[in-house]
Amino acid sequence: MAAQTLTEKIIARHAGRQHVEPGDNVWIDADILMTHDVCGPGTIGVFKQHFGANAKVWDREKVVIIPDHYIFTADKMANRNVDVLRQFAAEQNIKYFYDVGTPKYKGVCHIALPEEGHTRPGEVLFGTDSHTCTAGAFGEFATGIGNTDAGFVMGAGKLWVKVPSTMRFVFHGQLPPYLMAKDLILAVIGDIGCDGATYRAMEFDGDGVYALNIEERMTLCNMVIEAGGKNGVIAPDKVTLDYVNKRNAGSKPFTSLASDTGARFIFEKVYDVTKLEPVVAKPHSPDNRARVSEVKGTKLDRAYIGSCTGGKMTDFRAAARILKGKTVKIDTFIVPATSEIAQGLKNETLNGQTLEEVFLSAGAKLGEPSCAACLGGPSDTFGRLNQALSCISTTNRNFPGRMGHREARVFLASPLTVAASAITGTITDPRDCLQ
Ligand code: SF4
């Protein structure tokens with residue numbers, strides 16, 4: 001039998017086949033379907049329309065509902081969306097519903113899923129959100145789907161999928177202290193462009209990847225969609241298994257898979273991480289890459305550290321290293337992705353101060369766990385760009401209007417670069433701030 005890539009192997013197993021080829025169309029079983037407050041109501045509508053008003057979801061333990069986008073707002077439509085989820089979860093007796101205003105509330109779905117043990121190697125995860133690809137960091141096939149497909153998965157537990165061909169990105173070397181996974185993925189997107197991986201799997205490999213912790217691997221996989229990728233994936237190692245085994249909801253059995261020796265990759269690029277530099281994506285596209293040294297000194301109005309890309313503990317530890325004992329020069333917004341991370345900011349210390357104290361004493365503003373201004377949201381959303389401001393952000397998209405105002409200019413960067421820039425009010429190289 002011909003050798004297969006990791007993505008092909010997962011799809012083959014879920015199609016009940018020994019082997020698939022890129023371009024094959026197959027039915028695959030879903031292990032998890034995730035939805036949230038923006039797309040959940042539409043998905044539920046499609047499900048009811050096609051399966052009947054009294055239909056039951058295919059498995060009440062495999063539909064995971066995580067309200068996260070427009071949460072801390074007075075906007076009536078946004079609140080109504082959460083009510084729709086609440087009603088549906090009660091009616092269907094959904095086991096994993098992380099409701100707003102309860103101790104179960106989590107925050108950003110892509111970080112909540114692994115924290116709550118819904119990501120496992122070898123599985124298939126569908127989500128009604130393009131950044132569902134984040135969970136590829138756990139060695140699974142994870143991809144975003146639209147409401148129509150999701151409504152079908154909700155009732156049938158399977159989906160018709162075309163097998164993507166796989167691109168391979170190999171990182172070698174020890175990551176220097178001024179670089180993060182965000183720099184690596186912005187470098188990749190800058191190299192291949194926003195459509196460089198359209199409907200392809202992006203597999204990450206090499207000692208430079210396996211030296212990253214699981215949160216940094218999530219950052220790599222999170223932004224494959226910004227290159228058009230169908231999914232991002234990293235074969236599991238001990239780091240992955242240690243994380244999954246601690247959290248695995250329902251202690252489900254799973255199978256770790258890896259690409260076969262001799263598997264065919266449609267494209268391969270090798271990076272030496274020791275030779276890379278901190279980078280930003282300039283307005284208005286994630287592939288508009290520049291080295292920080294090229295845009296150093298560009299004036300800014302605001303800094304934002306949060307989202308599924310840049311609101312994890314690793315991101316805040318990095319930002320705190322720079323902000324400790326300093327004062328920010330521009331409005332700086334800190335948004336933990338989840339309630340677990342928000343608690344982590346209260347518990348974890350850096351030289352005698354909690355991370356939360358580090359940020360507050362630097363003059364930053366601290367928000368509640370959610371997507372907050374990453375997707376703009378209603379006008380009362382924490383950190384939203386309500387004017388044509390220039391902002392440097394750890395988020396993943398900088399298209400016009402993405403964080404609010406259509407004329408705002410958003411620079412995407414690592415938490416180190418964003419924190420360094422917050423102190424000076426201009427785009428700043430973290431190498432100038434790290435001791
Ligand atoms: S944090 Fe941003 S990118 Fe992530 S799920 Fe929320 S809106 Fe989407």
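On a predicted model such as this, the values are computed, not experimentally measured, just so you know. (Residues numbered from 1 in each chain as written. Predicted model: local features only at pLDDT ≥ 70, side-chain atom pairs only at ≥ 80, totals over all residues. Heavy atoms only, no water.)

Right, let's talk about the overall build of the chain for a bit. For the chain, the count of helices and strands is 15 helices and 20 strands. Computed over its C-alpha atoms, the radius of gyration of the chain comes to 21 Å, within 12% of the 22 Å expected for a compact globule of 435 residues. On the principal axes, the C-alpha backbone points of the chain span a range of 55 × 50 × 40 Å. Per-residue burial over the chain gives 61% buried out of 435 residues. Contacts in the chain between residues at least 24 apart in sequence constitute 75% of all its contacts with a sequence separation of at least 6. Element-wise, carbon and sulfur atoms account for 49% of the exposed surface of the chain, whose accessible area totals about 15,900 Å². Here the chain holds 48 positive side-chain charges and 48 negative ones, and the gap between their average locations is 1 Å. (Helix = DSSP H or I, 4+ residues; strand = E, 2+ residues; numbered from the N terminus. Rg over C-alpha atoms; globule rule 2.2 N^0.38 Å. Buried < 20%, exposed > 50% of the residue type's maximum accessible area, 1.4 Å probe, protein only. Contact = heavy atoms within 4.5 Å. Areas by Shrake-Rupley, 256 points an atom, 1.4 Å probe, with all protein chains shown as cover. Lys, Arg positive; Asp, Glu negative; His and termini not counted. Charge placed at Lys NZ, Arg CZ, Asp CG, Glu CD.)

This brings us to the pattern of salt bridges. A side chain of one charge can pair with a side chain of the opposite charge if their charged atoms are brought near each other. By the definition in use, this model includes 30 salt bridges. Between D331 and K365 there is a salt bridge whose closest N-O contact spans 3.2 Å. Taken as a pair, D331 in strand β15 (residues 331–335) and K365 in strand β18 (residues 365–366) lie far apart in primary sequence, 34 residues in all. For K365, a relative accessible area of 35% puts it in the partly exposed group. (Salt bridge = Lys/Arg side-chain N within 4 Å of Asp/Glu carboxyl O.)

Here the focus is unusual backbone geometry. Here the bond from P283 into H284 is cis, since omega is 0°, no more than 30 degrees from zero. Note on placement: H284 falls in the loop between β12 (279–281) and β13 (289–291). Backbone geometry places S251, a non-glycine residue, at a positive phi of 45°. The exposure class assigned to S251 is exposed, which follows from its relative accessible area of 61%. For N351, which is not glycine, the phi dihedral falls at a positive 45°. Its place among the elements puts N351 in the loop between β16 (349–350) and β17 (353–354).

Where nonpolar side chains cluster on the molecular surface, the patch consists of W27, F51, F152 and W160 and spans about 410 Å² of accessible area. Mapping F51 onto the fold places it in helix α2 (residues 40–51). By relative accessible area, F51 is classed as partly exposed at 33%. (Patch = residues over 30% accessible without salt bridge, like charges linked within 9 Å, V, L, I, M, F, W, Y side chains within 5 Å.)

So, on to the nonpolar core. Soluble, globular proteins show a tendency: their nonpolar side chains are buried together. Counting residues in hydrophobic clusters, the biggest one holds 102 residues, and the most contacted among them are F169, F171, M202, F204, L220, F359 and I392. Counting residues in each nonpolar core, the second largest holds 33 residues, with I28, I65, F88 and A150 among its members. (Core = buried A, V, L, I, M, F, W, Y, C linked by side-chain atoms within 4.5 Å.)

As summarised here, the arrangement of the four strands in space is β10-β9-β8-β11, forming an open sheet in which the pairing is parallel. Edge positions in the open sheet fall to β10 (231–233) and β11 (267–272), since each of these has one partner strand only. Averaged over all pairs of adjacent strands, the angle between strand axes in this sheet comes to 20°, irrespective of strand direction. (Pairing = 2+ DSSP bridges. Axes fitted to C-alpha atoms, helices over the stretch in contact; angles between N-to-C directions.)

Before going further, it helps to spend a moment on the pairing of strand β9 (residues 200–205). Summarising the sheet, strand β8 (residues 165–172) and β9 pair through six bridges and their orientation is parallel. Within β9, the position partnered with M167 by the bridge is M202. Assessed by its sense of winding, the connection that carries the chain from β8 through helix α6 (residues 181–192) to β9 is right-handed. Where β9 meets β10, three bridges bridge the pair, whose relative direction is parallel. The residue of β10 that forms the bridge with A201 is N231. (Right-handed = clockwise from strand over helix to strand, strands pointing away.)

Of all 10 residues that make up helix α15 (residues 415–424), nine are buried, and the element is covered over most of its length. Within α15 the residues assigned to the buried category are P415, L416, T417, V418, A419, A420, S421, A422 and I423. Among the residues trailing α15, G425 stands out with phi positive, at a value near 80°.

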